[in-house]
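Fold and contact review
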Amino acid sequence: MNHELSKTLPLFTYGSLMENFFNYELYLKDRIKEKPQKARMKGELYHLDTKGYPALLPGSQWVYGEVFELVDFEQDIQVLDQLEGFNQGVPNEYHREKTTVYGWNETTQSYDRPLTAYVYRYAVEHDPTFEQHRILLATGDWRHYMEKNTIKTSEKQKTKKSGSCFFFWVVK
């Protein structure tokens, strides 16, 4: 493991690893120290319509998500790296990087708690179809996007009688 990326730090998530999403249930539910806390960071967030999950790129907009600490960092970060396609012997789908995020402060009712955390940024250089299949999320909030679009899709599926909208929560 890269020495720079082996230090135990919190993890910022903005997609399917957020609480109540499918990958949170599979990979994090019993592996984090405390309930995830609201947080945000600077970037540019996209939904990848052919993949069903988000892509974070560098940028100047606020991107909203959650931050938490893993109980067994060394073991669990390897599992998450595999899930995110990072450092697996093939071109990365995501890069894990250290960044500054701002945690929500209940007392001040603002995002004013700076923290150093890891984040998975999308490796756009390895996706030749990114430009054709990206949807910019101007709000920087993938949860909001998925909730809004799951309702629309669920209503369409009810009229077609074709299964459930579970796909939208089974992301990445």
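Each remark here, short or long, concerns the structure printed above.
Values in this document were obtained by computation on a predicted structure and should not be read as measured data.

Turning to the pattern of salt bridges, a few remarks are in order. Counted by the stated rule, this structure contains 10 salt bridges. Between Asp-81 and Arg-96 there is a salt bridge, and its shortest N-O distance comes to 2.9 Å. Here the residue Asp-81 occupies a position in helix α2 (residues 73-83), and Arg-96 occupies one in strand β4 (residues 94-105), the gap between them amounting to 15 residues. Between Arg-121 and Glu-97 there is a salt bridge, with the nearest N and O atoms lying 2.6 Å from each other. One end of the pair, Arg-121, is in strand β5 (residues 110-122); the other, Glu-97, is in strand β4, and 24 residues separate them in sequence. Overall, the relative accessible area of 12% leaves Arg-121 in the buried class.

This part takes up unusual backbone geometry. Phi is positive for Asn-20, which is not a glycine, with a value near 75°. Considering the arrangement of structural elements, one finds Asn-20 in the loop between β1 (11-13) and α1 (22-27). For Asn-20, a relative accessible area of 56% puts it in the exposed group. Of note, Gln-109 is a non-glycine position whose phi angle comes to about 55°, a positive value. Of note, Gln-109 is situated in the loop between β4 and β5.

Procedures and definitions
All residue numbers here refer to positions counted from 1 along the written sequence of the relevant chain. Totals for whole chains, interfaces and linings use every residue, but because this is a predicted model, local features are given only for residues with pLDDT of at least 70 and side-chain atom pairs only at 80 or more, for both listing and counting. Only hydrogens and water are set aside; all other atoms, that is, all heavy atoms of the structure, feed into the side-chain values. Put simply, a salt bridge is a Lys or Arg side-chain nitrogen that is within 4 Å of an Asp or Glu carboxyl oxygen. Only DSSP runs of H or I covering at least 4 residues are called helices, and only runs of E covering at least 2 are called strands; the numbering of each starts at the N terminus. Using a 1.4 Å probe on the protein chains alone, a residue whose accessible area is under 20% of its type maximum counts as buried, one over 50% counts as exposed, and one in between counts as partly exposed.

Keep in mind these values describe shape, not function.
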